[in-house]
Amino acid sequence: MAAFSDSDCAHMARALQLAARGQYSAHPNPMVGCVIVKNEDVVGEGWHEAAGNPHAEINALSKAGEDAHGATAYVTLEPCAHHGKTPPCVQALIDAGVARVIAAMKDPYAEVAGRGLEQLDNAGVVTEVGLMHSAAESLNAGFIARVTRGRPLVRVKVAASLDGAIAMKNRESQWITGAKARDDVQRLRARSGAIMTGIGTVLADDPSLNVRLKELATGGRQPLRVVLDSSLRMPLAAGMLTLPGATLICSTGNHDASALEAAGAEVYSFGPDGETIDVREVLEELARRGINDVLVEAGPGVAGYLLEKDLVDELVIYQAPHIMGSETMGMFSTPSWMALADRRALEITDLRRIGDDMRITARIRHQGTSD
């Protein structure tokens, strides 16, 4: 790996900050930032603001103008080398006369995958890759999961008391956490391509599963609502069916879906996994639809099933500073875990206070891997 200067690090850190501005709008494309520097002066900045709009490099080049000639471009992801909804950024960098391109990471997307850097090299542009690689990977973990594993990143959100309860046994749960934590969940939703729940949660709570903070619902976009409903018990009066955005109901077998479809839902049949749906198939279908990140807001049955099947990538637990006692429901139902050896190892990646509550973000170490 090339040796990078303090100045290189500062400019790439700025590019990563710019990239993060697309967290609510770039989906399903990756978040990308670009900083163009000439003689230690920043002459252009840009980020990918929305799918179908110009990429980060194009926005930065347009601000740099003629100053881009002989400059260095710091990009958080390898510049694209293919025609998608927009022309390739590689050619724009070459045409602008950029002398050096530093990319945080290669693009894992099959239509790029090193071709962008190769084309730049062939045109005489100096290329270096790997600066702040881990931060760039973390920023686009969902996109990387979709294009390399064929399924989105799965993030399970839980609101719990200090003793691990998500509700009383009678399902009373409003509200365990405070208003600031609930607003933070809205940000998680806005970052996600889909929000998944089970039919049990729908029947018990009639959740909306939408982004309610107007400033986060960029362009009116709402995440796809996904309901796991093997026997197609979804009520026609479900509140989410009346809200903006799409609802996908996942069932098994053959059911008469005409009434639900007339109510605005899409019903799709998947293979079974015992008495439930094969959620792997659901996730693969979501990936085909361009979904990078799935936020799971469900009861202990669905959350536990996903853990048992090793389908959870990240947990986000909002822990409230109170104790709810013994007559409660726990976070996960995992009947197949009978011994201490069945436990899942976690890596705490973030721990911070949100209002009066604590938010714990933990990465799941998948079985059979060193992740």
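See above for the structure.
Thresholds applied
Residues numbered from 1 in each chain as written. Predicted model: local features only at pLDDT ≥ 70, side-chain atom pairs only at ≥ 80, totals over all residues. Heavy atoms only, no water. Helix = DSSP H or I, 4+ residues; strand = E, 2+ residues; numbered from the N terminus. Buried < 20%, exposed > 50% of the residue type's maximum accessible area, 1.4 Å probe, protein only. Contact = heavy atoms within 4.5 Å. Pairing = 2+ DSSP bridges. Axes fitted to C-alpha atoms, helices over the stretch in contact; angles between N-to-C directions. Patch = residues over 30% accessible without salt bridge, like charges linked within 9 Å, V, L, I, M, F, W, Y side chains within 5 Å. Areas by Shrake-Rupley, 256 points an atom, 1.4 Å probe, with all protein chains shown as cover. Salt bridge = Lys/Arg side-chain N within 4 Å of Asp/Glu carboxyl O. Lys, Arg positive; Asp, Glu negative; His and termini not counted. Charge placed at Lys NZ, Arg CZ, Asp CG, Glu CD. Phe/Tyr/Trp six-rings, centres within 6.5 Å; stacked < 30°, edge-to-face > 60°. Lys NZ or Arg CZ within 6 Å of the ring centre and 35° of its normal. Expected span 1.5 Å × (residues − 1). Arc of directions from axis to C-beta.

With that settled, the discussion passes to the overall build of the chain. Looking only at helices and strands, one finds eleven helices and 18 strands in the chain. Dimensions of the chain along its principal axes, counting C-alpha atoms only, are 65 × 45 × 40 Å. A buried classification covers 50% of the 371 residues belonging to the chain. Long-range contacts, defined here as pairs at least 24 residues apart, represent 69% of the contacts in the chain between residues at least 6 apart.

The subject of this paragraph is the sheet that holds strand 8 (residues 194-198). Strand pairing in a sheet is mediated by backbone hydrogen bonds. Such pairs are either parallel or antiparallel. With respect to topology, nine strands assemble into an open sheet ordered 11-10-9-8-14-6-15-18-17, the strand pairing being mixed. Taken across any chain shown, the strands that pair with only one partner, and hence form the sheet edges, are strand 11 (266-270) and strand 17 (346-354). Direction aside, the axes of adjacent strands within the sheet are offset by 25° on average. Where strand 8 and strand 14 (residues 293-296) come together, three bridges link them in parallel fashion. Bridge assignment links Ile195 to a residue of strand 14, and that residue is Leu295. Running over the sheet, helix 10 (residues 279-288) touches strand 6 (153-161), strand 8, strand 9 (224-228), strand 10 (247-252), strand 11 and strand 14 and is turned about 165° from strand 9.

Moving on, we come to a negative patch on the surface. Together, Glu40, Asp41, Glu66 and Asp67 make up a region of like negative charge exposed at the surface. On the secondary structure map, Asp41 appears in strand 2 (residues 41-47). For Asp41, a relative accessible area of 49% puts it in the partly exposed group.

Another aspect to go through is the environment of Gln186. If you trace the backbone, Gln186 turns up in helix 7 (residues 179-191). Sequence separation between Gln186 and Thr242 is 56 residues, and the spatial gap between their C-alpha atoms is 19 Å. For Gln186, the contacting residues outside a window of four places in its chain are Asn210, Val211, Arg212, Leu213 and Leu216.

With that out of the way, let us pick up the packing of aromatic side chains. Overall, the coordinates contain one aromatic pair when judged by the stated rule. Above the ring of Trp175, the side-chain terminus of Arg182 is found at 4.4 Å from the ring centroid.

What follows concerns the pairing of strand 1 (residues 33-38). The element strand 1 is extensively covered by neighbouring structure, given that five of its six residues are classed as buried. Of the pairings in the sheet, the one linking strand 1 to strand 2 comprises six bridges and is antiparallel in character. Residue pairing across strands places Ile36 opposite Gly44, the latter belonging to strand 2. Between strand 1 and strand 2, which pair antiparallel and follow one another directly, the connecting turn spans two residues, one of which, Asn39, has a positive phi of 55°. Relative to strand 3 (residues 72-75), strand 1 runs antiparallel, the two sharing four bridges. Of the residues in strand 3, the one forming a bridge with Val35 is Tyr74.

The next thing to look at is the sheet that holds strand 5 (residues 126-129). Strand order in the open sheet made by the five strands is 2-1-3-4-5, with mixed pairing throughout. Only two strands of the sheet have a single neighbouring strand rather than two, namely strand 2 and strand 5. Pairwise comparison of adjacent strand axes, ignoring direction, gives a mean angle of 15° for this sheet. Contacts from helix 1 (residues 6-19) reach strand 1, strand 2, strand 3 and strand 4 (100-103) within the one sheet, and its direction differs from that of strand 1 by about 145°.

Moving on to helix 1. With 14 residues, helix 1 extends 20 Å between its outermost C-alpha atoms, agreeing within 8% with the 20 Å of an ideal straight helix rising 1.5 Å per residue. Every buried residue belonging to helix 1 is among Asp8, His11, Met12, Ala15, Leu16, Leu18 and Ala19, and all of these are buried. Seen from one end, helix 1 has its buried residues packed into an arc of 160°, which puts them on one side. Within helix 1, the exposed residues directed more than 90 degrees away from the buried face are Asp6 and Gln17. Looking at the buried positions of helix 1, the neighbouring elements they touch are strand 1, strand 2, strand 3, strand 4 and helix 5 (133-139).

Glancing now at unusual backbone geometry. In this structure, the amide linkage connecting His27 to the following residue, Pro28, adopts the cis form with an omega of 5°. Looking at where Pro28 falls in the secondary structure, it is placed in the loop between helix 1 and strand 1. Geometrically, the link from Gln174 to Trp175 is a cis peptide bond, its omega value of -5° lying close to zero. Note on placement: Trp175 falls in the loop between strand 7 (165-168) and helix 7. One non-glycine residue, Glu40, adopts positive backbone phi at about 70°. In this structure Glu40 comes out as exposed when scored by relative accessible area, which is 57%. Despite not being glycine, Asp310 shows a phi value in the positive range, around 60°. Checked against the element boundaries, Asp310 lands in the loop between helix 11 (300-308) and strand 15 (314-320). Owing to a relative accessible area of 16%, Asp310 belongs among the buried residues under this scheme.

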